[in-house]
Amino acid sequence: MNHAATITPSQMTRIFLSLPQYHFYGHNSTAVKNEQMFRLSLGTMLQEIAERLLTTSELRSTTMNQHQLESLEGLVEDIGALITHLNRKGAIQLSGSLTQTIDELRDLDNRLIMLLEQAWHLSLVVLKPECSSEKFDEGGHYLTLTLEAFAETAENRNQLLGLGWESEFGMSPMPRRE
């Protein structure tokens, strides 16, 4: 799937400006503020994707079949769960070697941004009016896989920050996938 970036320059700028400044993570209050900004920008983009899916399903409810409408509803629920779990709070405690952990966090940040862009693109694909049922199912499947990869990457990042899901017993980043 080769495609040009579909996120607007202002959206991408917002994300890049919110990237954590890890050299400040020695001070918990600064680390928490950095995390809140980054997570908010990621959550905002996820929310925009969910709103687009929801709005389109409402506008085209008479032209989409029940399976497509239910698929879009499930995707919106998945995104809602991601946003909720992305808003992880707690004391940040970097694990392992500081230099190695920061390098890993930067790699995960880049992966989150790439997955977010992929989710943005796939949401556009499934919402095209001329999208056939087969293309819709394929795009929806890939969007689901992208959201799952986003959840897994966010969880790996949370683990490095000492903010893992285990702090909320029984919680999963993708509840429909349990």
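Quick caveat, the model's predicted, so the values are computed rather than measured. (Residues numbered from 1 in each chain as written. Predicted model: local features only at pLDDT ≥ 70, side-chain atom pairs only at ≥ 80, totals over all residues. Heavy atoms only, no water.)

A. View of the nonpolar core. Among the nonpolar cores identified, the biggest contains 35 residues, and Leu46, Leu53, Leu72, Leu116, Leu147 and Phe150 are the most heavily contacted of them. Looking at this core, the elements that each hand over two or more residues are α1 (9-18), α2 (28-59), α3 (66-86), α4 (98-126) and α5 (133-161). The biggest single contributor to this core is α4, with 8 residues. Not counting residues within four places of it along the chain, the set of residues in contact with Leu72 comprises Leu53, Ser57, Met64, Val126, Leu127 and Phe136. Formed by 10 residues, the second largest nonpolar core is a distinct cluster that contains Tyr25, Ile92, Leu108 and Leu161. (Core = buried A, V, L, I, M, F, W, Y, C linked by side-chain atoms within 4.5 Å. Buried < 20%, exposed > 50% of the residue type's maximum accessible area, 1.4 Å probe, protein only. Helix = DSSP H or I, 4+ residues; strand = E, 2+ residues; numbered from the N terminus. Contact = heavy atoms within 4.5 Å.)

B. Geometry of α3. The end-to-end C-alpha separation of α3 is 30 Å, in line with the 30 Å expected for 21 residues at 1.5 Å each. Within α3 the residues assigned to the buried category are Gln68, Leu69, Leu72, Gly74, Leu75, Val76, Asp78, Ile79, Ala81, Leu82, His85 and Leu86. (Expected span 1.5 Å × (residues − 1).)

C. Quick peek at the environment of Gly80. Among the secondary structure elements, Gly80 is positioned in helix α3. Overall, Gly80 belongs to the partly exposed group, its relative accessible area being 33%. Each C-alpha atom, one on Gly80 and one on Ala50, is 7.7 Å from the other, the two residues being 30 residues apart in sequence.

D. How the structure looks around the pattern of salt bridges. Taken as a whole and judged by the stated rule, the model has 4 salt bridges. The salt bridge involving Glu48 is made with Arg14; its shortest N-O contact spans 3.4 Å. Here Glu48, found in helix α2, pairs with Arg14, found in helix α1; they are 34 residues apart in sequence, far enough to count as distant. Given a relative accessible area of 24%, Glu48 falls into the partly exposed group. Measuring nitrogen to oxygen at the nearest pair gives 2.5 Å for the salt bridge that ties Asp109 to Arg157. Of the two residues, Asp109 sits in helix α4 while Arg157 sits in helix α5, which places them 48 residues apart along the sequence. (Salt bridge = Lys/Arg side-chain N within 4 Å of Asp/Glu carboxyl O.)

E. Layout of α5. Taking 1.5 Å of rise per residue, 29 residues should cover 42 Å, and α5 covers 41 Å from first to last C-alpha, within 8% of that figure. In the stretch just after α5, Gly162 is the one whose phi turns positive, near 75°.

F. Main features of the layout of surface pockets. Considered as a void within the structure, the largest pocket measures approximately 270 Å³ in volume. Lining the largest pocket are 16 residues, with Gln36, Arg39, Leu40, Leu86 and Asn87 positioned closest to its centre. In terms of residue count, the dominant contributor to the lining of the largest pocket is α2 (8 residues). (1 Å grid on protein atoms, 1.4 Å probe; cavity = no way out; pocket = protein on both sides within 12 Å on 5 of 7 lines; lining within 4 Å. Points joined across faces, edges and corners; volume = space filled by probe spheres on them.)

G. The packing of α3 against α5, seen in detail. Where α3 meets α5, the axes come as close as 11 Å, and the angle between the chain directions of the two elements is 10°. For the element pair α3 / α5, the angle class is roughly parallel. Contacts between α3 and α5 involve His67, Gln68, Ser71, Leu72, Leu75, Asp78, Ile79, Leu82, His85 and Leu86 from the first element and Ser133, Phe136, Asp137, Gly140, Leu143, Thr144, Leu147, Phe150, Ala151, Ala154 and Asn158 from the second. Across the contact of α3 with α5, the residue classes break down as 11 nonpolar, 8 polar and 2 charged. (Axes fitted to C-alpha atoms, helices over the stretch in contact; angles between N-to-C directions. Parallel < 35°, antiparallel > 145°, perpendicular 65-115°, else oblique. Nonpolar A, V, L, I, M, F, W, Y, C, P; charged D, E, K, R; others polar.)

H. Quick peek at the packing of α2 against α5. Packing of α2 against α5 leaves a shortest axis separation of 14 Å and a crossing angle of 165°. Judged on the interaxial angle alone, α5 and α2 are roughly antiparallel. As for how α2 packs across α5, the hand of that crossing is left-handed. Across the interface between the two elements, Glu35, Phe38, Arg39, Leu42, Leu46 and Leu53 of α2 pack against Leu143, Leu147, Phe150, Arg157, Asn158 and Leu161 of α5. Broken down by class, the residue content of the contact of α2 with α5 amounts to 8 nonpolar, 1 polar and 3 charged. (Left-handed = near helix turned anticlockwise from the far one by under 90°.)

Nothing here speaks to function; it is all geometry.
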